[in-house]
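# Overview (structure and organization)
As a plain string of letters, each chain reads:
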Amino acid sequence: MNTQVAINRAAFELHLARVRSARQAGVASLGSARDGLELVSDSGKRWAFLLPDMTQAGRWRLQYFDERGFSGHGIYDSEEQLLEAAWAAGFTQPAPGAL
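Residues numbered from 1 in each chain as written. Predicted model: local features only at pLDDT ≥ 70, side-chain atom pairs only at ≥ 80, totals over all residues. Heavy atoms only, no water.

## Section: the side chain of Asp 53
Test applied: Helix and strand assignments come from DSSP, with helices taken as H or I runs of at least 4 residues and strands as E runs of at least 2, each series counted from the N terminus. Exposure is judged per residue with a 1.4 Å probe applied to protein chains only, and the accessible area is read against the type maximum: over 50% gives exposed, under 20% gives buried, and values in between give partly exposed. We define a polar contact as two N or O atoms separated by no more than 3.5 Å, with the added condition that, inside protein, one atom must be a possible hydrogen donor and the other a possible acceptor, whereas residues neighbouring each other in sequence contribute only through side-chain atom pairs. By definition in these notes, contact holds between two residues if any of their heavy atoms fall within 4.5 Å.
Along the chain, the position of Asp 53 falls in the loop between strand E2 (47-52) and strand E3 (60-66). Residue Asp 53 is classed as buried on the basis of its relative accessible area of 5%. Looking at Asp 53, its side chain comes within polar contact range of the side chain of Arg 61, at 2.7 Å. Discounting chain neighbours no more than four positions away, the residues touching Asp 53 are Arg 59, Trp 60, Arg 61 and Ile 75.

What follows is the structure in structure tokens.
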């Protein structure tokens, strides 16, 4: 491998590490969904409610809604997966009382 390729690869790996670290910090900042968690999307036009799923014990629900009402949901095996999915979908800011 030539020197420039090695430098570019190292720079890219450093960039990825920074992106992962920022994402992990962002997800951690959301807190827990054990008692329900309301989030707003980056656009400010959609919301999500995160909570333990009532239809499937031990699983977690990500319920989407907007000004017209509920618009869909997803079910996850762990709270970590739930929070990651919400963050990846752009729900990054707490919105207590939105529902």
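## Some remarks on the packing of aromatic side chains
Using the following cut-off: Two rings from Phe, Tyr or Trp (for Trp, the six-membered ring) form a pair when their centres are within 6.5 Å of each other. A pair whose planes differ by under 30 degrees is stacked, one over 60 is edge-to-face, and the rest are tilted.
In this structure the tally under the stated criterion is three aromatic pairs. Aromatic side chains Trp 47 and Phe 65 sit 6.1 Å apart centroid to centroid with 20° between the ring planes, which places their arrangement in the stacked category. Placement of the pair is Trp 47 in strand E2 and Phe 65 in strand E3, with a sequence separation of 18 residues. On the accessibility criterion, Phe 65 (6% relative accessible area) is buried. Ring centres 6.1 Å apart and planes at 70° place the aromatic pair Phe 65 and Phe 70 in the edge-to-face group. Accessibility expressed as a relative area gives 58% for Phe 70, which makes it exposed.

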